[in-house]
Amino acid sequence: MQTLRKIITPLRMFLTVVFLPALAATSAAQTADEFFALGNNAYRNGDYARANENYENAAKEAPPTAELYYNLANTNAKLGNKGKALLNYYRAIYQNPRMPEAHANLQMFAKDTAIDLPQRPQIYEILAELSEYEWTIICFAFFWLTILLIFIPPLYSYNNMATVFLAIVSGAVFITSVIAMLNWRDFRQTAISVKEDVPLRLSPTDAAPVSSIVGEGETASIERKHGNFVHVATKNGKRGWASAKEFVPVAEQ
Amino acid sequence: MKKLYASFFIATAYVALLGQSIETSGFDPKEIRPGSTSTYTVILKDINGNISSDDIPMPDGLQIIGQSRSQSFSMGTSGTSSSTSLQYTVRPLKEGIFTVPEWSVEYKGKTYKIAAATLKVDESAPAQQSAQPMGDPFGMRSMFGLPSRTRTQSAARQQTQSFDDTLRSSANLEIKLPREEIYVGESVPCELIFSFDKSILRNGFRLAQLAPDIKKADAFDCPAFTTDPTVDEKSDPDKVFIIYHTIVTPLKVGSYDLDFSAKGVFNRDMDIDDLMGMSLIDRMMSMGGGRQVPFEIQMPAKKINVLELPADGKPANFTGAIGKFSLEDVTVDPDALSVGDPAIITAKLVGMGNFGRIEAPNLDTGGDWKSYKPKTSFADESNGQAYIGIKTFEYTVVPTKPDLKYAPKILFNYFDPISKKYVELPSKEIPVSVAPTGRSNRAVQKAEESKSAEPEFAQILDKNEKTHEIELLKSPLFWGLQVAILAAIAFFIAKRRRKLLLENNPAYAKKLAYRKQCSAYLAKARDDASRNDAKAFFIDARTALQYALTADSERESSSLILREAREIMQSLALEQADIDSANVFFDGADAITFGGLDVSKTDLKELDKSLNKLCKLLEK
């Protein structure tokens, strides 16, 4: 018994020394989920500024999720940050296009704040039912399937109409998925102005002359990038360089 | 005893207070030649302070070009006293007699009067001589091999003078303007370039301070220099350029000199020569500090022709805007109202030019609208230069008639100095609806709409579901998988095609089989050669050659004889030497059996090489 105690006591001390700091370190840092929960509590208590701060912290801790973007958008809508609210609804939809809450609130918010959302053909709306990630997988899967259907059956002398038909169908799905991916790429290349009177400049520097200004919440497509500047074109035909902090792309860098 | 101490301290403090004074020892020397310098000294007794050179009423024609400070302490029966000597190096700009009048300075609520001092600047003045020897009456410094203080101080002064001369000769201040002729009231961006020789930096000096300034402020307005100048050390191998950006606005019509100056300080760490030229106290005071050389540089005056704005084509309601502008985002809020209800017209002016001098443009009310003085605000986008930005005008207007279709237009105009023409830029017509009285139907409808569309964003999501996007196309793993799939498919297809060829093409199958056999017999022959088994080597070599020669034909390999082999090789256009080399492989085995070949003289390894070469030629 004495011998057993002699072994256990130093072992216990060793385990305490090794694992206690680790446990303390774990409890000291807040995780993205904790910040998310804190944000939700603050939101329910009507403290939108605090909720926004917690959601922002959650976004810093881990790659933001569609749910986080959605809650962040609601918070900004409550705080009256038109541009940021719109941007985060778009980001939530980009992450998870089948999130009905984000679509509903985006429509409602656009109506309340008199924002004209870009109208796209119905086919693009249908293609946007799947996310870019899902379309990418489909695209590559059907690309390889098409390749196999074209090259493998002749090697086994299966040159019948069924394989030809399957190859055509597979190729059509592949082409559709490419179109859907391009559609998402365009969406990703969208930028939202997040402050009032964003200056559009003639060149990508802070000292460049201002060619025109854009109001908060306006949507533009990104034509090219240079450092921290993006060259944008609005639907009203305004073009120019804007700071990426003021005209924020939907897809985070 | 306590009373005695107290009395002593009070008496000491009183004496010290009485001893406080500020005086001047005037100019030294009092008479100098033009271009020389003199030193104006102010002595602060028992006061530890400083006097800015701007506080000294220097007469016109005398310029302070440098300042230094030294302090000395003395201990006596009445206690410790200190004396701070502030020395201002002055340079005359012209000949004459210059008098600094009696002046006063306030220090800690007390006013000190400083006596007048006079400096005569004349060509006939004696040449400047070095200072009188002092501080080493017994020659102690020279006794210990130290340079005399007078000599070192003089050397230090000479070094400063020499540095000043170097700086004066190498430093330059110039202004770059986009045009020589500019219009009155126009804001012109320009660059003020201070340059100096890199040799100054090589001598250990560094530019510690630089403050550009504009003279002739009555003819030009120059609001601010950029706080963060551009330093260019690369464009010239010998010069350093420090470029300040500023805006110059001429205030008067005519031809005026644009005159900039810059004050600054060069600094470097103390060296032994500097320390030798100082008193012990100065040395202690200067511990950890550096040697400072202040300077002031004047730009050669630049003549600017300031033009009046052309009268031809000038609009009656000219706003004073000169530059390039556009009127953006003109809005009316509300756009549905009743007679007597106010509306706000907001217009945003963007571009570059003299934003500070633009008056609010007039409204074209047509007598149907009552308007009030507009509010203006400006958002600068040019780092405080007020040259690029957004100027917002807010007009309050009230309709005086019903059924007005458009809000008043804003009649903005500006002068373009490049095209030298006035540009009229009225705002677009903005439709409005003006009801006769009370609230308009549209306003009511809008209010109802906004009421029904009260935002309801109470629903938030409780769970963070981890549905974040992974960018597949940027993932190396994803692309690695694609390459693996491609390789697998290519491998599979290649293998399948080979199998089909073997099944469907006997000639191809035979060719492959014979080549395989040829390789096997070549390996055997190499093995035989290494074992020096000549007979086995020649048998295996012949078999390998038979397989290689009949791989592309319908013949069986074992029945191939030498003559046929030579015919095949000739048909393949092989060289005669290669053809002849086959003889030994076909005849070798039989020759050994029947004693026709002396094996001991045969180098099997060489023959193996020759065999391999021949087989490779046949494969090709």
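What comes next concerns the included structure. (Residues numbered from 1 in each chain as written. Chains lettered and ligands numbered in written order. Predicted model: local features only at pLDDT ≥ 70, side-chain atom pairs only at ≥ 80, totals over all residues. Heavy atoms only, no water.)

**Digging into the overall build of chain A**
Step number 1: Tallying secondary structure elements over chain A gives nine helices and seven strands in all.
Step number 2: Taking all 253 residues of chain A together, the buried fraction comes to 45%.
Step number 3: Of all intrachain contacts in chain A linking residues separated by at least 6 positions in sequence, the fraction that spans at least 24 positions is 57%.
Step number 4: Surface summary for chain A: the accessible area is close to 13400 Å², and the carbon and sulfur share equals 62%. (Helix = DSSP H or I, 4+ residues; strand = E, 2+ residues; numbered from the N terminus. Buried < 20%, exposed > 50% of the residue type's maximum accessible area, 1.4 Å probe, protein only. Contact = heavy atoms within 4.5 Å. Areas by Shrake-Rupley, 256 points an atom, 1.4 Å probe, with all protein chains shown as cover.)

**Observations regarding the overall build of chain B**
Step number 1: In terms of regular secondary structure, chain B is built from 13 helices and 30 strands.
Step number 2: As displayed, chain B has an accessible area near 35500 Å², and 54% of this comes from carbon and sulfur atoms.

**Points about the sheet that holds strand 2 (residues 31–32) of chain B**
All names here are of chain B.
Step number 1: Spatially, the three strands line up as an open sheet ordered 2-9-6, and their pairing is mixed. The open sheet is flanked by strand 2 and strand 6 (96–100), the only strands paired with a single partner.
Step number 2: Bridge analysis of strand 2 against strand 9 (residues 117–121) gives two bridges, and the strand direction is parallel. Pairing of Ile-32 across the sheet is with Val-121, part of strand 9. (Pairing = 2+ DSSP bridges.)

**Some thoughts on a nonpolar patch on the surface**
All names here are of chain A.
Step number 1: On the surface, Ile-123, Tyr-124, Ile-175 and Ile-179 cluster together to form a nonpolar patch covering roughly 360 Å² of accessible area.
Step number 2: When contributions to the nonpolar patch are tallied by element, the ones reaching two or more residues are helix 7 (122–127) and helix 9 (161–188).
Step number 3: Structurally, Ile-175 can be placed in helix 9.
Step number 4: What makes Ile-175 exposed here is its relative accessible area of 51%. (Patch = residues over 30% accessible without salt bridge, like charges linked within 9 Å, V, L, I, M, F, W, Y side chains within 5 Å. Salt bridge = Lys/Arg side-chain N within 4 Å of Asp/Glu carboxyl O.)

**Section: the sheet that holds strand 17 (residues 254–258) of chain B**
Residue and element names in this part refer to chain B.
Step number 1: With respect to topology, three strands assemble into an open sheet ordered 11-20-17, the strand pairing being mixed. Pairing within the sheet leaves two strands with one partner each, and these edge strands are strand 11 (181–183) and strand 17. With direction set aside, neighbouring strand axes in the sheet form an average angle of 40°.
Step number 2: Direction of pairing for strand 11 relative to strand 20 (residues 302–307): parallel, over a ladder of three bridges. Its bridge partner lying in strand 20, Ile-182 is registered against Val-306. (Axes fitted to C-alpha atoms, helices over the stretch in contact; angles between N-to-C directions.)

**Points about the pattern of salt bridges**
Step number 1: Tallying each qualifying case throughout the model produces 18 salt bridges over all chains.
Step number 2: Glu-134 of chain A is the salt-bridge partner of Arg-98 of chain A, the closest N and O atoms lying 2.7 Å from each other. A residue pair is termed long-range when its members are at least 10 positions apart, and Arg-98 of chain A in the loop between helix 5 (82–95) and helix 6 (100–112) and Glu-134 of chain A in helix 8 (residues 132–155) qualify at 36 residues.
Step number 3: Of the charged contacts, one joins Lys-238 of chain A and Glu-328 of chain B as a salt bridge, the two residues approaching to 3.2 Å between their closest N and O atoms. On the criterion of chain membership, the pair formed by Lys-238 of chain A in the loop between strand 5 (229–234) and strand 6 (239–243) and Glu-328 of chain B in strand 21 (residues 323–333) is interchain, its members lying in two chains.
Step number 4: Under the relative-accessibility criterion, Lys-238 of chain A is labelled buried at 17%.
Step number 5: When its relative accessible area of 11% is taken as the criterion, Glu-328 of chain B is described as buried.

**Details of unusual backbone geometry**
It is generally the case that most residues other than glycine have a negative phi and that most peptide bonds are trans.
Residues and elements named next belong to chain B.
Step number 1: With an omega dihedral of -5°, the bond running from Asp-28 to Pro-29 counts as a cis peptide bond.
Step number 2: Among the secondary structure elements, Pro-29 is positioned in the loop between strand 1 (21–28) and strand 2.
Step number 3: Omega for the peptide link from Asp-333 to Pro-334 comes to -5°, which places this bond in the cis form.
Step number 4: Here Pro-334 is to be found in the loop between strand 21 and strand 22 (336–338).
Step number 5: Its identity as a non-glycine residue notwithstanding, Asn-532 has a phi of 65°, on the positive side.
Step number 6: Within the element layout of this structure, Asn-532 appears in the loop between helix 9 (506–531) and helix 10 (534–550).
Step number 7: At Ala-573, a position not held by glycine, the phi torsion is positive, near 60°.
Step number 8: You can see Ala-573 is positioned in the loop between helix 11 (562–571) and helix 12 (576–593).

**With respect to the packing of aromatic side chains**
Pairs of aromatic rings are described using the distance from one ring centre to the other and the angle between the two planes.
Step number 1: Under the defined criterion, the tally for this structure stands at 28 aromatic pairs over all chains.
Step number 2: Relative to Phe-187 of chain A, the ring of Tyr-90 of chain A has its centre 5.4 Å away and its plane inclined at 85°; by these criteria the two rings are edge-to-face. In this pair, Tyr-90 of chain A is assigned in helix 5 and Phe-187 of chain A in helix 9, connecting sequence segments 97 residues apart.
Step number 3: Classification of Phe-187 of chain A by relative accessible area gives buried; the value is 10%.
Step number 4: Grouping aromatic residues by their ring pairs yields a cluster made of Phe-325, Phe-355, Phe-378, Phe-412 and Tyr-414 of chain B. (Phe/Tyr/Trp six-rings, centres within 6.5 Å; stacked < 30°, edge-to-face > 60°.)

**Topic: the side chain of Lys-391 of chain B**
Residues and elements named next belong to chain B.
Step number 1: Among the structural elements, Lys-391 can be located in strand 27 (residues 388–399).
Step number 2: Although Lys-391 is buried, it makes no salt bridge; Glu-359 carries the closest opposite charge, 9.7 Å away.
Step number 3: Excluding residues within four positions of it along the chain, Lys-391 makes contact with Ala-347, Lys-348, Leu-349, Phe-355, Ile-358, Thr-376, Ser-377 and Phe-378. (Lys, Arg positive; Asp, Glu negative; His and termini not counted.)

**Here we look at helix 5 of chain A**
All names here are of chain A.
Step number 1: With 14 residues, helix 5 should cover 20 Å at 1.5 Å per step; its first-to-last C-alpha distance of 20 Å lies within 8% of that length.
Step number 2: Counting buried positions along helix 5 gives twelve out of 14 residues, so the element sits mostly inside the fold.
Step number 3: Along helix 5, the residues that are buried comprise Gly-83, Ala-85, Leu-86, Leu-87, Asn-88, Tyr-89, Tyr-90, Arg-91, Ala-92, Ile-93, Tyr-94 and Gln-95. (Expected span 1.5 Å × (residues − 1).)

So yeah, pure geometry; function would need other evidence.
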